[in-house]
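The lines below spell out each chain.
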Amino acid sequence: MNQDRDRSLLSIPASTQDHMQGVLNADVVLVMYGDYQCSVSADVYKIIKAIKRELSAAFGEDYLCLIFRHFPQTQIHPQAQRAAQAAEAAAAQGQFWLMHDTLFAHQQKLENGYLVEYANNLGLDIPQFLKELSEQVHIARINEDIENSGITTAPALFINNIRYTGRWRITGLTAAIVATSH
């Protein structure tokens, strides 16, 4: 298998260790590698949320499983890695998706004070949250997502283990998702 072909396939299969909305045996498993400070990642995530709502209404809740993996591009987004750590610290308290959505919604405000404000608004245990951030408890998981990704930039999407290389438009992405499941 050549190197280009390898990069078109998901390196690490989706598992219960991932952050997911849905079930792994869904017709479509969509893995997104994203960066919380990247405006394109935020736009793609908004498109995916809209598609998930549409497909859930049309085909049922278990049709699409969404998985998010971290890919902070620290060379161009200096606060992305800290935001990813905040998402993981929230995950440790059962609030990954709420923090995830908050970070994308407020991606221009990812400094430490804002991260604490978001954690407080979600009702997280702030001393625990701060401890995990200061000790970088979750950095290994974030680095693992990056190192095992097989990609060089975010956002990157994989639909049923195959890299999506089309345009970031709702119609094209929806068509690709539906076509993959049939």
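Below you will find a few notes about this structure. (Residues numbered from 1 in each chain as written. Predicted model: local features only at pLDDT ≥ 70, side-chain atom pairs only at ≥ 80, totals over all residues. Heavy atoms only, no water.)

The next point concerns unusual backbone geometry. Of note, the amide linkage connecting alanine 154 to proline 155 takes the cis form, showing an omega dihedral of 0 degrees. Within the fold, proline 155 resides in the loop between helix H7 (139–147) and strand S4 (156–159). At glutamine 136, a position not held by glycine, the phi torsion is positive, near 50 degrees. As for its position among the elements, glutamine 136 is in the loop between helix H6 (126–134) and H7. The exposure class of glutamine 136 is partly exposed, given its relative accessible area of 41%. (Helix = DSSP H or I, 4+ residues; strand = E, 2+ residues; numbered from the N terminus. Buried < 20%, exposed > 50% of the residue type's maximum accessible area, 1.4 Å probe, protein only.)

Within the structure shown, the criterion is met by three salt bridges. Between aspartate 101 and lysine 49 there is a salt bridge; the shortest N-O distance is 3.8 Å. Of this pair, aspartate 101 sits in helix H4 (residues 96–105) while lysine 49 sits in helix H2 (residues 39–59); the two residues are 52 residues apart in sequence, bridging distant segments of the chain. The class for aspartate 101 is partly exposed, based on a relative accessible area of 25%. Classification of lysine 49 as partly exposed rests on a relative accessible area of 32%. (Salt bridge = Lys/Arg side-chain N within 4 Å of Asp/Glu carboxyl O.)

Bringing H6 into the picture now. Since one α-helical turn is 3.6 residues long, residues separated by three or four positions face the same way. By the burial criterion, the buried members of H6 are Ile126, Phe129, Glu132 and Leu133. In an axial view of H6, the angular spread of the buried residues amounts to 130 degrees, which keeps them on one side of the axis. H6 presents Pro127 and Ser134 as exposed residues on the side facing more than 90 degrees away from its buried surface. Where H6 is buried, its residues touch helix H3 (80–91), H4 and helix H5 (112–121). In this structure aspartate 125 caps H6, since a side-chain oxygen of it lies 3.1 Å from the backbone nitrogen of glutamine 128. (Arc of directions from axis to C-beta. Contact = heavy atoms within 4.5 Å. Polar contact = N/O pair within 3.5 Å; in protein donor to acceptor, adjacent residues only side chain to side chain.)

A few words on the packing of H3 against H7. Following both chains from N to C, one finds H3 and H7 inclined at 115 degrees, their axes separated by 9 Å at the closest point. Crossing of H3 against H7: the hand is right-handed. Across the interface between the two elements, Gln81, Ala84, Gln85 and Glu88 from H3 touch Ile139, Arg141, Ile142 and Asn143 from H7. Its residues placed into classes, the contact of H3 with H7 shows three nonpolar, three polar and two charged. (Axes fitted to C-alpha atoms, helices over the stretch in contact; angles between N-to-C directions. Left-handed = near helix turned anticlockwise from the far one by under 90°. Nonpolar A, V, L, I, M, F, W, Y, C, P; charged D, E, K, R; others polar.)

Inspection of every chain in the model, using the stated rule, returns nine aromatic pairs. Between phenylalanine 96 and tryptophan 97, the aromatic rings sit 5.0 Å apart at their centres with planes inclined by 85 degrees, giving edge-to-face as the arrangement. Both residues of the pair, phenylalanine 96 and tryptophan 97, belong to the buried class. Members of the aromatic cluster, joined through ring pairs, are Tyr36, Tyr45, Phe68, Phe96, Trp97 and Phe104. (Phe/Tyr/Trp six-rings, centres within 6.5 Å; stacked < 30°, edge-to-face > 60°.)

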